[in-house]
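Residues per chain, in single letters:
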Amino acid sequence: ELSTIKDAYRRSASDGSEFVIISAASGYGKSLLAHEFGKHVLAGGDIFLSGKFDQLQQGKPFSALAIALDVYCGILLQGSGPSSKVAEIASKLRSSLGNEAYHLTKLIPNLASILEGPEILAINLNEDCGNAQKRLQYLLCQLLQAISSTFSAPVTLFLDDLQWADQASMEAVLQLLINLGPSSQEDKCFFFLGCCREGELDEEHPLWKLLCNADTLSIEFTNIKLDMMDEQTINTMVSETLCLSPRITRSLSSIINHKTNGSPLFVSRLMISLGKEGLLRPSLCRRRWEWDKDKIECREMPDDVAMFLKKSIRELPEAVQLSLCTMSCFGASVDVTLIQTLERAMRKTFTGGLDIAVAKGLLDKIGAQYRFSHDRIQEATYNMMKDQYR
Ligand SMILES: Nc1ncnc2c1ncn2[C@@H]1O[C@H](COP(=O)(O)OP(=O)(O)O)[C@@H](O)[C@H]1O
Ligand SMILES: [Mg+2]
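As recorded in an unreviewed UniProt entry, the protein goes by Orc1-like AAA ATPase domain-containing protein and comes from Skeletonema marinoi.

Set out below in structure tokens:
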């Protein structure tokens, strides 16, 4: 699957633009695969813009696109990218958009520092919504084109969780595929990668329109469908995780396969939980992992990963559950500063609970941000709350 994406990426370098959609049920490894591809792109010194749509922000136009561009502008400003790029992109933006570029600064705060101008005229998205969106869509495309023109390789835009995407974002992606495609006059190329939960798109979903238009306009695209893991693949995963030969781990993998129906998310969560319960543990005298086959086999547990996660969260101390539930109302990731503001406003402490959740593998702490380690965990905690508390 990774080489299919790499091939499409290489083709976009010569043909102008192309896209790949990875689809599968939740927890089947879509995001992981996309990020593996991202590592490959970044290792080659090329550009990988990455953003994620959020279930709770479905009404907010361009959210994932704005995150991807804001993070990239932040990297440029920190100087971890080539320093001449900041000046080059700023000058291209000023010349192609003039003061209009400042309209983007509400969506992409880091862009303000790149432009360095005194004038800030950010568009108010609430007034004259339709027009403002069209204008922002045009400006976002211009910004991406300006970035693209500073690279010889294709600019990759990766948007995760397209099932929660808004219409305006999908239209912007189509526009980019057209503007930077084979028939465009400009010497630029663009590669779009999207992940989408299978079976969660209704008939009106904007992704269908993108696929339909791409077909009509003969824009190349590939759909990669990820399947559940078979027993042999699970055994490879278990044997690599435990650093034991596949022959030894086969009996354990067979039980895990049976209990998880081959969902990679479920497999990894179940192994973490077996480790916490001591049913899977390192043996100092044998210098290897060992497990209680019979106890694991008899262990009662839900046959669905969502229920399994909910049960694991319910077993946590109440204060940790409260911290997780509160955080789940604000999206897939939350800044520490927001948590501190909430602590002051609600006269409660959340950071301690969130740190315990990090230790339990339910959250990741990346820089000054807590992030749910999977959107299923956010959903599970959010769904545990009663409406009035949300
Ligand atoms: N190919 C794989 N090898 C090992 N673990 C995997 C693989 N794919 C997925 N996983 C496990 O499943 C979890 C969920 O994967 P993720 O990519 O977040 O799923 P999705 O985006 O489809 O919901 C990962 O965090 C990882 O633990
Ligand atoms: Mg995902």
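After that view, the rundown keeps rolling.
(A) Spotlight on the sheet that holds strand β9 (residues 363-366). Pairing is antiparallel across the open sheet formed by three strands, whose spatial order is β8-β10-β9. With one partner strand each, in any of the chains shown, β8 (333-335) and β9 form the two edges of the open sheet. Strand-to-strand twist in this sheet, taken as the mean axis angle between neighbours without regard to direction, amounts to 20°. In the sheet, β9 pairs with strand β10 (residues 369-372) via four bridges, with the strands oriented antiparallel. The partner of L363 across the bridge, within β10, is F372. Its contacts with the sheet put helix α14 (residues 318-328) on β8, β9 and β10, and the angle it makes with β10 is roughly 90°.

(B) Main features of the pattern of salt bridges. Under the criterion given, the structure shown has 19 salt bridges. Between K52 and D161 there is a salt bridge whose closest N-O contact spans 2.4 Å. One end of the pair, K52, is in strand β2 (residues 48-52); the other, D161, is in the loop between β3 (155-160) and α7 (167-179), with 109 residues separating them in the sequence. Take K52: its relative accessible area is 26%, and that puts it in the partly exposed class. Note on D161: relative accessible area 3%, which makes it buried. K209 serves as the salt-bridge partner of E171, at 3.9 Å between the closest nitrogen and oxygen. Here E171 is found in helix α7, whereas its partner K209 is found in helix α8 (residues 206-216), with 38 residues between them in sequence. In this structure, a network of salt bridges that share partners links the residues K52, D161, R197, E200, D375, R376 and E379.

(C) Focus on the sheet that holds strand β1 (residues 17-24). Reading across from one edge, β2-β3-β4-β1-β5 is the order of the five strands in this open sheet, with parallel pairing throughout. The sheet is open, and its two edges are formed by β2 and β5 (221-225), each paired on a single side. When the angles between neighbouring strand axes are averaged without regard to direction, this sheet yields 15°. Sheet topology note: the β1/β5 ladder contains five bridges and is parallel. The residue bridging I22 from the neighbouring strand is I224, located in β5. With respect to the sheet, helix α1 (residues 2-15) is in contact with β1, β3, β4 (190-197) and β5, its orientation differing from that of β1 by roughly 160°.

(D) Region of interest: the pairing of strand β7 (residues 288-291). Pairing of strand β6 (residues 280-283) with β7, which is carried by four bridges, proceeds in the antiparallel orientation. Among the inter-strand pairings, P282 is bridged to a residue of β7, identified as W289. Linking β6 to β7, which pair antiparallel, is a turn of four residues; within it R287 sits at a positive phi near 50°.

(E) Geometry of the packing of aromatic side chains. Across all of its chains, the model carries eight aromatic pairs by this definition. When the centroid spacing of 6.2 Å and the interplanar angle of 70° are considered together, the rings of F37 and F48 count as edge-to-face. Of the two residues, F37 is situated in helix α2 (residues 30-43) and F48 in strand β2; the sequence distance between them amounts to eleven residues. A relative accessible area of 12% means that F48 is categorised as buried. Here F37 and F191 contribute two aromatic rings whose centre-to-centre distance is 5.6 Å and whose plane-to-plane angle is 65°, an arrangement assigned as edge-to-face. Of this pair, F37 sits in helix α2 while F191 sits in strand β4, placing them 154 residues apart in sequence. Neither F37 nor F191 differs from the other in exposure class; each is buried. Just above the ring of Y382 sits the side chain of R390; from NZ or CZ to the centre is 4.2 Å.

(F) Local environment of α7. With 13 residues, α7 ought to run about 18 Å at 1.5 Å a step, and its terminal C-alpha atoms sit 18 Å apart, in line with that. When α7 is considered as a whole, its buried residues turn out to be A168, S169, M170, A172, V173, L174, L176 and L177. Measuring from the backbone nitrogen of A168 back to the side-chain oxygen at the start of α7 gives 3.3 Å, which picks out D166 as the cap.

The rules behind the values
Residues numbered from 1 in each chain as written. Chains lettered and ligands numbered in written order. Predicted model: local features only at pLDDT ≥ 70, side-chain atom pairs only at ≥ 80, totals over all residues. Heavy atoms only, no water. Pairing = 2+ DSSP bridges. Helix = DSSP H or I, 4+ residues; strand = E, 2+ residues; numbered from the N terminus. Axes fitted to C-alpha atoms, helices over the stretch in contact; angles between N-to-C directions. Contact = heavy atoms within 4.5 Å. Salt bridge = Lys/Arg side-chain N within 4 Å of Asp/Glu carboxyl O. Buried < 20%, exposed > 50% of the residue type's maximum accessible area, 1.4 Å probe, protein only. Phe/Tyr/Trp six-rings, centres within 6.5 Å; stacked < 30°, edge-to-face > 60°. Lys NZ or Arg CZ within 6 Å of the ring centre and 35° of its normal. Expected span 1.5 Å × (residues − 1). Polar contact = N/O pair within 3.5 Å; in protein donor to acceptor, adjacent residues only side chain to side chain.

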